[in-house]
Amino acid sequence: MDVCVKSYLTLQLLLIFGILGCGETPKNSEIPDFLSGHSNVLKLEENEVEVFIDLSQKKNITGKDVRAFGNINRVEVDKYDKIYINNDVIHVYDSAGTYISSIGSKGRGPGEFQAIHNYKVMDSLLYVYDANLSRISAFDIKKYELAKEIRVPGEAGKIGLGEFAVKEDGTVIIGLQKNEYNQEKKVTESHLYYHFLDSSGAIIKPAFNTTKLTSYYTVNTEKGTSYPPIPFGRTTLFQLAKSNKMYFVWTGDIAGKVFDENGEYIKGFYSPFNNKEVKTEEDFAGLYHVLDI
């Protein structure tokens, strides 16, 4: 069995969109809903964007060094070229693909995880976010020992989904989602808020809101009420750049927002894209109820 570790792509494509030349400021009627109400929205013309991405295999991990992997949601590489791969714990390999050690264990105590939602290497620490425990555990990447824990504060009605980043000064940016039921539209609307935390987990800046999501709708039948997801789920992708600017990309369109290191909006950008609307059952075979939302 081979485990192929490839270059990890997050928002590189759309980060390139954000710094390329842009067209004239569009009319409000052309702007995607994700950017409505914002100023300094730039339209990317199709002929202005040329992006080439090369995905190439970097390493094979084979033989006795293979561990039993389940759902791998990311791969991290530190400044020593060591490779971090998640399962119930974090497995560490050297640059040749040889197993070194494992970090953490299953549980609820210090250095343990209920679920690994996200993890990132920053300088000499590996930060592992367990949203179930509302905790970020930071491990020393030389000793593979727990260095500190950061408690994610409880906010009324808000839950963590794994979105976070760590700045060079140790400030943590954490994303929390709050669900609100809109009875008029018969949908569940979610708002994404990002908080700035210090190294102890205390909130040091007011939260800023990035977008409103529509994730679920209600279907009422004789058997009861269900909440199936809207087909083709949409969300935002988050990336902290080396400049400490924050990029949020909307997956429902080719669109994004840029915030400064303090959470202040700088600009928005988008590329025109004609999305197909689901209007009837024939448009999407799995959509059995057509709702006016």
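Everything numeric here is computed off the predicted structure, so don't read it as measured data.

Comments concerning the pattern of salt bridges
Proximity of charged atoms lets side chains of opposite charge pair with each other.
For step 1, the next point in the chain: Applying the stated criterion to the full structure yields five salt bridges.
For step 2, the next point in the chain: Between Asp78 and Lys82 there is a salt bridge; the shortest N-O distance is 3.9 Å.
For step 3, the next point in the chain: Accessibility expressed as a relative area gives 10% for Lys82, which makes it buried.
For step 4, the next point in the chain: When the shortest N-O distance is used, the salt bridge between Glu189 and Lys212 registers 3.9 Å. Pair noted here: Glu189 is in strand S16 (residues 187-197) and Lys212 is in strand S17 (residues 203-217), with a separation of 23 residues, a long-range link.
For step 5, the next point in the chain: Residue Lys212 is classed as partly exposed on the basis of its relative accessible area, which comes to 42%.

Notes on the confidence of the model for the protein chain
For step 1, the next point in the chain: The predicted model of the protein chain averages 79 in pLDDT, with 75% of residues at 70 or higher.
For step 2, the next point in the chain: Low pLDDT (under 50) marks residues 1-23, which in the prediction has 64 contacts with non-local residues, meaning those over four places away or in another chain.

Thoughts on the sheet that holds strand S15 (residues 172-182)
For step 1, the next point in the chain: Taken together, four strands build an open sheet; the order of strands is S14-S15-S16-S17 and the sheet is antiparallel. This sheet does not close on itself; its edge strands, each paired only once, are strand S14 (158-166) and S17. In this sheet, adjacent strand axes meet at a mean angle of 25° when their direction is disregarded.
For step 2, the next point in the chain: Pairing analysis gives six bridges linking S14 to S15, with the strands arranged antiparallel. Looking across to S15, one finds that Ile159 is bridged to Gln177.

Concerning the packing of aromatic side chains
Two numbers describe a pair of aromatic rings. These are the distance of the centres and the angle of the planes.
For step 1, the next point in the chain: All told, the structure shown has 13 aromatic pairs when counted by the stated rule.
For step 2, the next point in the chain: Pairing Phe34 with Trp250 gives two aromatic rings, centres 5.5 Å apart and planes at 10°, and the pair type is stacked. Here Phe34 is found in the loop between helix H1 (12-19) and strand S2 (41-43), whereas its partner Trp250 is found in strand S21 (residues 246-250), with 216 residues between them in sequence. The pair formed by Phe34 and Trp250 is uniform in burial state, with each residue classed as buried.
For step 3, the next point in the chain: The interplanar angle of 75° and the centroid separation of 5.7 Å between the aromatic rings of Tyr93 and Tyr99 together place this pair among those described as edge-to-face.
For step 4, the next point in the chain: A relative accessible area of 0% places Tyr93 in the buried class.
For step 5, the next point in the chain: When the ring centre of Phe164 is taken as origin, the NZ or CZ atom of Lys120, which lies over that ring, is 5.6 Å away.

Describing the environment of Arg108
For step 1, the next point in the chain: Note that Arg108 resides in the loop between strand S8 (105-106) and strand S9 (112-113).
For step 2, the next point in the chain: Arg108 sits 25 residues away from Leu133 along the chain, and the two C-alpha atoms are 7.4 Å apart.

Description of the pairing of strand S5 (residues 83-86)
For step 1, the next point in the chain: Alternating residues of S5 divide into Ile83 and Ile85 and Tyr84 and Asn86, and every residue in both groups is buried.
For step 2, the next point in the chain: Across three bridges, strand S4 (residues 75-77) lies against S5 in antiparallel orientation. If you follow Val75 over to S5, its bridge partner there is Ile85.
For step 3, the next point in the chain: Counting the residues between successive antiparallel strands, the hairpin from S4 to S5 contains five residues, one of them, Asp81, with a positive phi of roughly 65°.
For step 4, the next point in the chain: Where S5 meets strand S6 (residues 90-93), four bridges bridge the pair, whose relative direction is antiparallel. Bridge assignment links Ile83 to a residue of S6, and that residue is Tyr93.
For step 5, the next point in the chain: In sequence, S5 turns back onto S6 through a hairpin of three residues.

Thresholds applied
Residues numbered from 1 in each chain as written. Predicted model: local features only at pLDDT ≥ 70, side-chain atom pairs only at ≥ 80, totals over all residues. Heavy atoms only, no water. Salt bridge = Lys/Arg side-chain N within 4 Å of Asp/Glu carboxyl O. Buried < 20%, exposed > 50% of the residue type's maximum accessible area, 1.4 Å probe, protein only. Helix = DSSP H or I, 4+ residues; strand = E, 2+ residues; numbered from the N terminus. pLDDT = per-residue confidence, 0-100. Contact = heavy atoms within 4.5 Å. Pairing = 2+ DSSP bridges. Axes fitted to C-alpha atoms, helices over the stretch in contact; angles between N-to-C directions. Phe/Tyr/Trp six-rings, centres within 6.5 Å; stacked < 30°, edge-to-face > 60°. Lys NZ or Arg CZ within 6 Å of the ring centre and 35° of its normal.

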